[in-house]
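# Chains, contacts and geometry: an overview
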Amino acid sequence: MRDGGSFFDQPDVFDAYWRARSRQESANSVLEQPIIESLIGSVDQLAVLDLGCGDGQYGKQLLAQGAASYYGIDASMRMVSLAKKNLTEGNAHVVHQAFEEMELPAGKFDLAVSRLALHYVDDLVHVLTKVCRSLASGGRLVFSVEHPLLTSCQESQGTKPGSWVVDDYFVAGARDVLWFGDRVRKYHRSIEDYFLAVQQAGFQVDMLRESKPDRAQFSSEAEYGRRMRIPLFLLMTGRK
Ligand SMILES: C[S@@+](CC[C@H](N)C(=O)[O-])C[C@H]1O[C@@H](n2cnc3c(N)ncnc32)[C@H](O)[C@@H]1O
């Protein structure tokens, strides 16, 4: 079974993923991104760590918005190569590494962000403890993951929202998923598990969001109505 990094290294998966991401009104652009940006606020002069940096476009945006530096980590070589091409200007550094193996300098970053990458991690407390140590006092963690209602059970993949199945909700652990034509191992945990993991890693939890759609982000009532049915993302923030 593929882990998060090797999964995105499959050429067909990689292409299909970026095709889906570039769709107009993709869930990422209308649901996840606006909430991440509102939770983060100003990045002016901040040293930013990005866990699961993907193609580095977000790093480029952060630097353009005034971040002092950007340090992206990703376990997929394809993602890292693309990120390096996209991040040729500014104080940017991208490394090919798994979160589980990363060693971060203590007290270096002001903001740790992770967008849709931490549900590939088994021992979340271990990874977030390293992240907490790498932050300066008062530094912030902001992250998004696939919503636990979606990761609990694979029964509903590809079926209509009205028949979505939530099962084994309180059984945390691996879920092997067919996604973009290949299989990948994701890790399910309840909302409460995420909350406790952030606390156990040394953060004070500040905010929790469930990606409730904002009508202003949608061009049609029908698409807005469709997205009001099932929560896709969970977002949390913590402070050291
Ligand atoms: C769904 S993509 C999101 C990429 C980017 N954050 C974005 O929002 O566009 C998830 C990323 O997390 C990376 N990833 C998954 N598991 C990882 C791990 N254990 N260590 C490091 N990177 C990982 C993948 O390689 C992939 O680039």
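Look a little higher up for the structure.
Below you will find a few notes about this structure. All values derive from a computational prediction rather than experimental measurement.

Now for the pairing of strand E5 (residues 135-146). Summarising burial for E5: nine of the twelve residues are buried, a large majority. As judged from the six bridges shared by strand E4 (residues 109-115) and E5, these two strands associate in the parallel manner. The residue of E5 that forms the bridge with Phe109 is Leu135. With seven bridges joining them, E5 and strand E9 (residues 233-239) adopt antiparallel strand pairing. Within the sheet, the bridge partner assigned to Arg140 lies in E9 and is Arg239.

A separate point is helix H8 (residues 191-200). Of the residues making up H8, those classed as buried are Tyr194, Ala197 and Val198. The arc enclosing the buried residues of H8, seen along the axis, measures out at 100°, which places them on a common side. More than 90 degrees from the buried face of H8, the exposed residues found are Glu192 and Gln200. Here the buried face of H8 lies against helix H6 (124-134), E5, helix H7 (148-151), strand E7 (182-188), strand E8 (204-209) and E9.

In the vicinity of the ligand lie 19 residues, with Arg21, Gly52, Asp74, Phe99 and Arg115 positioned nearest. Separating a nitrogen atom of the ligand from a backbone N or O atom of Arg115 is a distance of 2.9 Å. Look at the ligand: alone it shows 600 Å² of surface, and the protein chains cover 95% of it. Listed by contribution, the elements that provide at least two residues to the shell around the ligand are helix H1 (4-8) and helix H2 (11-21). At three residues, the largest contribution of residues to the shell around the ligand is made by H1. Tallied by class, the residues present in the shell around the ligand amount to nine nonpolar, six polar and four charged.

What counts and how
- Along each chain, residue indices are assigned from 1 in the same order as the chain's sequence is written.
- Local features are withheld for residues below a pLDDT of 70 in this predicted model, meaning they are given only at 70 or higher, and side-chain atom pairs are given and counted only at 80 or more; totals for whole chains, interfaces and linings count all residues.
- The side-chain values count all of the structure's non-hydrogen atoms but skip hydrogen atoms and water molecules.
- Here's how the labels work: a residue is buried when its accessible area is under 20% of the maximum for its type, exposed when over 50%, partly exposed in between, all with a 1.4 Å probe on protein chains only.
- Helix and strand assignments follow DSSP, with helices taken as H or I runs no shorter than four residues and strands as E runs no shorter than two, numbered in order from the N terminus.
- Paired strands are those between which DSSP finds at least two bridges.
- Along the arc lie the directions from the helix axis toward the C-beta atoms.
- The contact definition used throughout considers only heavy atoms, calling two residues in contact when any of these lie within 4.5 Å.
- When we say a residue is near a molecule or strand, we mean one of its heavy atoms is within 4 Å of it.
- Distance and chemistry together define a polar contact, namely a pair of N or O atoms within 3.5 Å, with one atom able to donate a hydrogen and the other to accept it when in protein, and with adjacent residues in sequence counting only for side-chain atoms on both sides.
- Residue-level accessible areas treat just the shown protein chains as cover; the underlying method is Shrake-Rupley with a 1.4 Å probe.
- When residues are sorted by character, Ala, Val, Leu, Ile, Met, Phe, Trp, Tyr, Cys and Pro go into the nonpolar class, Asp, Glu, Lys and Arg into the charged class, and all the rest, Gly among them, into the polar class.

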